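Descriptive analysis of the structure
Now for the letters of each chain:
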Amino acid sequence: AQKVTQAQTEISVVEKEDVTLDCVYETRDTTYYLFWYKQPPSGELVFLIRRNSFDEQNEISGRYSWNFQKSTSSFNFTITASQVVDSAVYFCALSEAGYAGGTSYGKLTFGQGTILTVHP
Amino acid sequence: GAVVSQHPSWVICKSGTSVKIECRSLDFQATTMFWYRQFPKQSLMLMATSNEGSKATYEQGVEKDKFLINHASLTLSTLTVTSAHPEDSSFYICSARAGTDNQPQHFGDGTRLSIL
């Protein structure tokens, strides 16, 4: 069974601080995908990144960066110089690799979410 | 690209009413659609997976007769909450995915369902 753990329930920072959101996962699959989503107060899910299990390169996108470490089954997300607009709930998710003819179809397992509040 | 439209965005209705929620992929063909439920301050829980033209696969603990899912075309899936009760009040989110390999899921904006 797959499991995603986001141990930080809530994080509160002041604007311009850097903040790291932790994500640890469990899976028996050798091929899988990891995701981060942002959910602002309006409710919609905003896709941030997808990373497959064979690509351990860290990625940077503007103020966002992700650190994928297979050895520790972690996929952490860092926001540099946080802004008030970054306030949201952030979800880490794991998807098994879908395959035709089977029943997995890439179901997403979400972590519990981390509520990030950035104060001015 | 990859826009998923979910309608309605907000529903308030009386207990015992059946409510239908639509999920449409606007600019791609969605081979697979997923329906999630999210209670306040909780995570998204997958309810069911549906493939176009097939019966939906429900997750353990989800009543298939309560939550009817139809995926009649490659651009439309519907979730009907039958005889809704206050405990069914929740945020329902659909997602759609193209292809049979592991393409990303694209999410709708969600439907807030409140049963009085």
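Structure: above.
Residues numbered from 1 in each chain as written. Chains lettered and ligands numbered in written order. Predicted model: local features only at pLDDT ≥ 70, side-chain atom pairs only at ≥ 80, totals over all residues. Heavy atoms only, no water.

So, the overall build of chain A
Within chain A, the secondary structure is distributed over zero helices and twelve strands. Over its C-alpha trace chain A gives a radius of gyration of 15 Å, about what one expects of a compact globule, namely 14 Å for 120 residues. Here chain A holds 120 residues, and the buried ones make up 43% of them. Pairs at least 24 apart in sequence give 57% of the contacts found in chain A among residues at least 6 apart. When the accessible surface of chain A is totalled, it reaches about 5,800 Å², and 49% of it is carbon and sulfur. The distance from the centre of the 9 positive side-chain charges to the centre of the 13 negative ones in chain A is 5 Å. (Helix = DSSP H or I, 4+ residues; strand = E, 2+ residues; numbered from the N terminus. Rg over C-alpha atoms; globule rule 2.2 N^0.38 Å. Buried < 20%, exposed > 50% of the residue type's maximum accessible area, 1.4 Å probe, protein only. Contact = heavy atoms within 4.5 Å. Areas by Shrake-Rupley, 256 points an atom, 1.4 Å probe, with all protein chains shown as cover. Lys, Arg positive; Asp, Glu negative; His and termini not counted. Charge placed at Lys NZ, Arg CZ, Asp CG, Glu CD.)

Quick look at the overall build of chain B
Each helix and strand counted, chain B has zero helices and eleven strands in total. In terms of C-alpha radius of gyration, chain B reaches 13 Å, essentially the compact-globule figure of 13 Å for 116 residues. On the principal axes, the C-alpha backbone points of chain B span a range of 40 × 25 × 25 Å. Counting across all 116 residues of chain B, residues that qualify as buried make up 50%. Considering only contacts within chain B whose residues lie at least 6 apart along the sequence, 54% involve residues at least 24 apart. Taken as a whole, chain B presents about 5,600 Å² of accessible surface, with 51% of it coming from carbon and sulfur. Considering chain B, the positive charge centre built from 10 side chains and the negative charge centre built from 10 side chains are found 5 Å apart.

Some thoughts on the sheet that holds strand β3 (residues 19-25) of chain B
Residue and element names in this part refer to chain B. The strand order β1-β3-β8-β7 describes an open sheet built from four strands, whose pairing is antiparallel. Single-partner strands in this sheet number two, and they are β1 (4-7) and β7 (67-73). Each neighbouring strand pair of the sheet contributes to a mean axis angle of 15°, computed without reference to strand direction. Bridging between β1 and β3 involves four bridges; their strand directions are antiparallel. Counterpart to valine 4 in the pairing with β3 is serine 25. (Pairing = 2+ DSSP bridges. Axes fitted to C-alpha atoms, helices over the stretch in contact; angles between N-to-C directions.)

So, the state of the cysteines
All chains considered together, the criterion is met by two disulfides over all chains. Across the disulfide, cysteine 23 of chain A is cross-linked to cysteine 92 of chain A (sulfur-sulfur distance 2.0 Å). Handedness of the cysteine 23 of chain A-cysteine 92 of chain A disulfide follows from its S-S torsion of about -65°: it is left-handed. Of this pair, cysteine 23 of chain A sits in the loop between β3 (19-21) and β4 (24-26) while cysteine 92 of chain A sits in strand β10 (residues 88-96); the two residues are 69 residues apart in sequence, bridging distant segments of the chain. Cysteine 92 of chain A matches cysteine 23 of chain A in its accessibility class, with the two residues each being buried. The partner cysteine of cysteine 23 of chain B in its disulfide is cysteine 94 of chain B, sulfur to sulfur 2.0 Å. Residues cysteine 23 of chain B and cysteine 94 of chain B are joined by a disulfide whose S-S torsion is about 80°; by sign, that bridge is right-handed. Placement of cysteine 23 of chain B in strand β3 and of cysteine 94 of chain B in strand β9 (residues 90-97) is noted, with a sequence separation of 71 residues between them. (Disulfide = S-S within 2.5 Å.)

Overview of the interface of chain A and chain B
Between chain A and chain B, the contact holds 23 residues from the first and 22 residues from the second. Here chain A and chain B share one salt bridge between them. At the junction of chain A with chain B, the criterion picks out three residue pairs in polar contact (both at pLDDT 80 or more). Elements represented by at least two residues in the side of chain A that touches chain B include exactly β5 (32-39), β10 and β11 (108-110) of chain A. Of the residues contributing to the side of chain A that touches chain B, the split by class is eleven nonpolar, eight polar and four charged. (Salt bridge = Lys/Arg side-chain N within 4 Å of Asp/Glu carboxyl O. Polar contact = N/O pair within 3.5 Å; in protein donor to acceptor, adjacent residues only side chain to side chain. Nonpolar A, V, L, I, M, F, W, Y, C, P; charged D, E, K, R; others polar.)

What about a nonpolar patch on the surface?
Taken together, the side chains of Trp10, Ile12 and Leu116 of chain B present a nonpolar region at the surface, about 380 Å² in accessible area. With respect to the secondary-structure elements, tryptophan 10 of chain B resides in strand β2 (residues 10-13). (Patch = residues over 30% accessible without salt bridge, like charges linked within 9 Å, V, L, I, M, F, W, Y side chains within 5 Å.)

What to know about the side chain of asparagine 51 of chain B
Residue and element names in this part refer to chain B. Position of asparagine 51 among the secondary structure elements: in strand β5 (residues 44-51). Assessed through its relative accessible area of 12%, asparagine 51 is described here as buried. A distance of 2.7 Å separates a polar atom in the side chain of asparagine 51 from a polar atom in the side chain of threonine 32.

Read these as spatial facts, not as claims about activity.
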